[in-house]
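If you want the building blocks of each chain, they are given just below.
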Amino acid sequence: MSFRIIILGSGRGSNAHAILEAEASGQLGEATTVAVLSDKKEAPILDLAKQFGKSAHYVPCRPKKARLDAEETEAFLKIIQELEADLVVLAGFMKIIDQHFIESLDGKIINLHPSLLPSFPGINSIENALNFPVKITGCTVHWVIPKIDAGKIIDQKAVTIEPDETLGSLSEKVHSAEHLLLPDVIRRLSTGEISFQK
Ligand code: GAR
(Lines give C-alpha, C1' and ligand atoms only; values in the text may rest on other atoms or scores of the structure.)
Protein backbone atom coordinates (compact mmCIF):
# COMPACT_ATOMS: atom_id res chain seq x y z
CA MET A 1 0.00 0.00 0.00
CA SER A 2 1.51 3.32 -0.92
CA PHE A 3 1.86 6.25 1.42
CA ARG A 4 1.47 9.44 -0.59
CA ILE A 5 3.60 12.41 0.37
CA ILE A 6 3.66 15.98 -0.92
CA ILE A 7 6.70 18.19 -0.33
CA LEU A 8 6.37 21.96 0.11
CA GLY A 9 9.52 24.07 -0.25
CA SER A 10 10.62 27.59 -1.14
CA GLY A 11 14.26 27.21 -2.06
CA ARG A 12 17.09 25.04 -3.26
CA GLY A 13 15.46 21.79 -2.24
CA SER A 14 18.44 19.84 -0.92
CA ASN A 15 16.12 18.07 1.51
CA ALA A 16 13.62 17.31 -1.22
CA HIS A 17 16.59 15.90 -3.13
CA ALA A 18 17.47 13.65 -0.19
CA ILE A 19 13.86 12.41 -0.03
CA LEU A 20 13.66 11.77 -3.77
CA GLU A 21 17.05 9.99 -3.77
CA ALA A 22 15.95 7.83 -0.85
CA GLU A 23 12.76 6.95 -2.70
CA ALA A 24 14.64 6.17 -5.92
CA SER A 25 16.97 3.82 -4.06
CA GLY A 26 14.21 2.03 -2.16
CA GLN A 27 15.01 3.66 1.20
CA LEU A 28 11.72 5.51 1.77
CA GLY A 29 9.63 2.60 3.03
CA GLU A 30 6.09 2.69 1.63
CA ALA A 31 6.31 6.39 0.76
CA THR A 32 5.87 7.78 -2.73
CA THR A 33 6.30 11.46 -3.52
CA VAL A 34 3.26 12.53 -5.54
CA ALA A 35 4.12 16.22 -5.98
CA VAL A 36 6.34 19.11 -4.99
CA LEU A 37 4.70 22.51 -4.38
CA SER A 38 6.35 25.89 -4.04
CA ASP A 39 5.34 29.47 -3.38
CA LYS A 40 8.31 30.59 -5.52
CA LYS A 41 8.09 30.31 -9.28
CA GLU A 42 11.87 30.12 -9.78
CA ALA A 43 12.60 27.81 -6.83
CA PRO A 44 15.17 25.14 -7.78
CA ILE A 45 13.05 22.63 -5.83
CA LEU A 46 10.52 22.65 -8.71
CA ASP A 47 13.17 21.80 -11.32
CA LEU A 48 14.45 19.10 -9.05
CA ALA A 49 10.99 17.52 -8.83
CA LYS A 50 10.78 17.43 -12.62
CA GLN A 51 14.24 15.82 -12.84
CA PHE A 52 12.87 12.99 -10.70
CA GLY A 53 9.75 12.74 -12.87
CA LYS A 54 7.47 14.20 -10.19
CA SER A 55 4.73 16.75 -10.72
CA ALA A 56 5.81 20.26 -9.75
CA HIS A 57 3.35 23.02 -8.91
CA TYR A 58 3.99 26.70 -8.44
CA VAL A 59 1.28 28.23 -6.26
CA PRO A 60 1.31 32.01 -6.75
CA CYS A 61 1.78 33.84 -3.45
CA ARG A 62 2.32 37.46 -2.52
CA PRO A 63 6.07 38.00 -2.17
CA LYS A 64 7.53 39.30 1.11
CA LYS A 65 4.46 38.31 3.12
CA ALA A 66 5.25 35.93 5.95
CA ARG A 67 1.83 34.27 6.12
CA LEU A 68 -0.28 32.60 3.46
CA ASP A 69 -3.58 34.44 3.06
CA ALA A 70 -6.93 32.67 2.71
CA GLU A 71 -6.79 32.48 -1.08
CA GLU A 72 -3.23 31.13 -1.12
CA THR A 73 -4.13 28.61 1.58
CA GLU A 74 -7.07 27.33 -0.48
CA ALA A 75 -4.87 27.06 -3.59
CA PHE A 76 -2.40 24.82 -1.73
CA LEU A 77 -5.15 22.79 -0.07
CA LYS A 78 -6.95 22.19 -3.37
CA ILE A 79 -3.87 20.54 -4.91
CA ILE A 80 -3.01 18.59 -1.75
CA GLN A 81 -6.56 17.27 -1.38
CA GLU A 82 -6.95 16.41 -5.07
CA LEU A 83 -3.75 14.37 -4.87
CA GLU A 84 -4.99 12.62 -1.72
CA ALA A 85 -1.81 13.09 0.27
CA ASP A 86 -1.28 10.99 3.37
CA LEU A 87 1.43 13.37 4.62
CA VAL A 88 2.60 16.90 3.83
CA VAL A 89 6.30 17.55 4.39
CA LEU A 90 7.53 21.12 4.87
CA ALA A 91 11.15 21.05 3.66
CA GLY A 92 12.38 24.62 3.64
CA PHE A 93 8.88 26.08 3.15
CA MET A 94 9.26 29.66 4.33
CA LYS A 95 5.60 30.74 4.57
CA ILE A 96 3.63 30.52 7.80
CA ILE A 97 0.50 28.42 7.57
CA ASP A 98 -2.58 28.77 9.77
CA GLN A 99 -4.76 26.52 11.89
CA HIS A 100 -7.28 25.99 9.08
CA PHE A 101 -4.49 24.67 6.81
CA ILE A 102 -3.33 22.24 9.50
CA GLU A 103 -6.83 21.09 10.47
CA SER A 104 -7.78 20.56 6.83
CA LEU A 105 -4.94 18.03 6.67
CA ASP A 106 -6.03 16.43 9.92
CA GLY A 107 -2.65 17.40 11.38
CA LYS A 108 -0.78 15.16 8.94
CA ILE A 109 1.95 17.70 8.34
CA ILE A 110 5.57 17.74 9.49
CA ASN A 111 8.30 20.38 9.41
CA LEU A 112 12.08 20.25 9.30
CA HIS A 113 13.97 22.83 11.34
CA PRO A 114 17.76 23.43 11.47
CA SER A 115 18.25 23.39 15.26
CA LEU A 116 17.57 21.20 18.25
CA LEU A 117 14.16 22.65 19.12
CA PRO A 118 13.01 24.16 21.41
CA SER A 119 16.37 25.97 21.11
CA PHE A 120 16.74 28.48 18.30
CA PRO A 121 13.28 28.56 16.66
CA GLY A 122 12.57 31.03 13.84
CA ILE A 123 15.16 32.23 11.35
CA ASN A 124 19.00 32.15 11.35
CA SER A 125 18.96 29.14 13.66
CA ILE A 126 22.36 27.76 12.63
CA GLU A 127 24.05 31.15 13.02
CA ASN A 128 22.31 31.78 16.35
CA ALA A 129 23.49 28.43 17.73
CA LEU A 130 27.07 29.18 16.61
CA ASN A 131 27.05 32.67 18.11
CA PHE A 132 25.29 31.79 21.37
CA PRO A 133 27.56 29.73 21.64
CA VAL A 134 26.27 26.21 22.27
CA LYS A 135 28.44 23.10 21.91
CA ILE A 136 25.79 20.96 20.26
CA THR A 137 23.11 21.83 17.72
CA GLY A 138 21.40 19.84 14.98
CA CYS A 139 18.03 19.45 13.34
CA THR A 140 14.48 18.53 14.30
CA VAL A 141 11.44 17.06 12.58
CA HIS A 142 8.21 17.97 14.36
CA TRP A 143 4.45 17.97 13.88
CA VAL A 144 3.17 21.33 12.67
CA ILE A 145 0.89 23.34 14.94
CA PRO A 146 -0.23 26.97 14.50
CA LYS A 147 2.63 28.17 16.71
CA ILE A 148 5.93 28.43 14.81
CA ASP A 149 8.50 25.63 15.36
CA ALA A 150 6.60 24.50 18.45
CA GLY A 151 4.83 21.24 17.59
CA LYS A 152 5.57 17.90 19.21
CA ILE A 153 9.05 16.65 18.30
CA ILE A 154 9.18 13.45 16.24
CA ASP A 155 12.95 13.05 16.04
CA GLN A 156 16.22 14.97 16.15
CA LYS A 157 19.82 14.57 15.05
CA ALA A 158 22.65 16.33 16.86
CA VAL A 159 25.93 17.72 15.53
CA THR A 160 28.89 18.95 17.58
CA ILE A 161 30.14 22.51 17.25
CA GLU A 162 33.95 22.46 17.23
CA PRO A 163 36.07 25.38 18.55
CA ASP A 164 37.12 26.37 15.00
CA GLU A 165 33.63 25.97 13.53
CA THR A 166 32.52 28.51 10.92
CA LEU A 167 29.00 29.26 9.74
CA GLY A 168 29.85 27.49 6.49
CA SER A 169 31.18 24.34 8.09
CA LEU A 170 28.37 24.18 10.65
CA SER A 171 25.71 24.74 7.99
CA GLU A 172 27.15 21.83 6.01
CA LYS A 173 27.05 19.58 9.07
CA VAL A 174 23.47 20.53 9.95
CA HIS A 175 22.28 20.04 6.36
CA SER A 176 23.99 16.63 6.15
CA ALA A 177 22.18 15.63 9.35
CA GLU A 178 18.88 16.88 7.89
CA HIS A 179 19.40 14.84 4.73
CA LEU A 180 19.58 11.69 6.86
CA LEU A 181 16.89 12.57 9.40
CA LEU A 182 14.00 13.72 7.22
CA PRO A 183 13.86 10.75 4.80
CA ASP A 184 14.24 8.40 7.74
CA VAL A 185 11.29 9.96 9.60
CA ILE A 186 9.16 9.75 6.43
CA ARG A 187 10.13 6.10 6.02
CA ARG A 188 9.17 5.30 9.62
CA LEU A 189 5.84 7.15 9.31
CA SER A 190 5.10 5.26 6.09
CA THR A 191 5.65 1.87 7.71
CA GLY A 192 3.82 2.71 10.92
CA GLU A 193 7.01 2.57 12.99
CA ILE A 194 6.11 6.12 14.02
CA SER A 195 2.42 6.72 14.71
CA PHE A 196 0.41 9.72 13.66
CA GLN A 197 -0.45 11.98 16.56
CA LYS A 198 -4.00 11.71 17.91
C1 GAR B 1 16.67 23.55 5.77
O2 GAR B 1 17.85 23.78 6.49
C3 GAR B 1 15.48 23.57 6.69
O4 GAR B 1 15.77 23.06 7.97
C5 GAR B 1 15.19 25.05 6.76
O6 GAR B 1 15.37 25.51 5.45
C7 GAR B 1 16.39 24.75 4.83
C8 GAR B 1 15.90 24.31 3.48
O9 GAR B 1 16.95 23.81 2.72
N10 GAR B 1 13.86 25.30 7.23
C11 GAR B 1 13.56 26.29 8.04
O12 GAR B 1 14.36 27.09 8.44
C13 GAR B 1 12.09 26.38 8.41
N14 GAR B 1 11.93 27.10 9.63
P15 GAR B 1 16.66 23.08 1.35
O16 GAR B 1 15.77 23.98 0.49
O17 GAR B 1 18.01 22.90 0.74
O18 GAR B 1 16.00 21.77 1.65
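See the structure printed just above.
Residues numbered from 1 in each chain as written. Predicted model: local features only at pLDDT ≥ 70, side-chain atom pairs only at ≥ 80, totals over all residues. Heavy atoms only, no water.

*Asks:* What exactly am I supposed to notice about the site of the ligand here?
*Replies:* The full set of residues close to the ligand is Arg12, Gly13, Ser14, Asn15, Gly92, Met94, Leu112, His113, Pro114, His175 and Glu178. Within the side chain of Arg12, one N or O atom sits 2.9 Å away from an oxygen atom of the ligand. Note that an oxygen atom of the ligand is positioned 2.4 Å from one of the side-chain N or O atoms of Glu178. Those elements giving two or more residues to the shell around the ligand turn out to be helix H1 (14–24), strand S5 (109–113) and helix H6 (167–191). Tallied by class, the residues present in the shell around the ligand amount to three nonpolar, six polar and two charged. (Near = heavy atom within 4 Å. Polar contact = N/O pair within 3.5 Å; in protein donor to acceptor, adjacent residues only side chain to side chain. Helix = DSSP H or I, 4+ residues; strand = E, 2+ residues; numbered from the N terminus. Nonpolar A, V, L, I, M, F, W, Y, C, P; charged D, E, K, R; others polar.)

*Asks:* What am I meant to see in the sheet that holds S5 here?
*Replies:* Sheet architecture is open: seven strands sit in the order S3-S2-S1-S4-S5-S6-S7, paired in mixed fashion. Two strands lie at the open edges of the sheet, namely strand S3 (55–58) and strand S7 (153–160), each paired on one side alone. Neighbour-to-neighbour, the strand axes of this sheet turn through a mean angle of 20°, independent of strand direction. The sheet strands contacting H1 are strand S1 (3–8), strand S2 (31–38), strand S4 (87–90) and S5, and the helix crosses S2 at an angle near 155°. Contacting S1, S2, S4, S5, strand S6 (136–143) and S7, H6 runs over the sheet at an angle of about 155° to S7. (Pairing = 2+ DSSP bridges. Axes fitted to C-alpha atoms, helices over the stretch in contact; angles between N-to-C directions. Contact = heavy atoms within 4.5 Å.)

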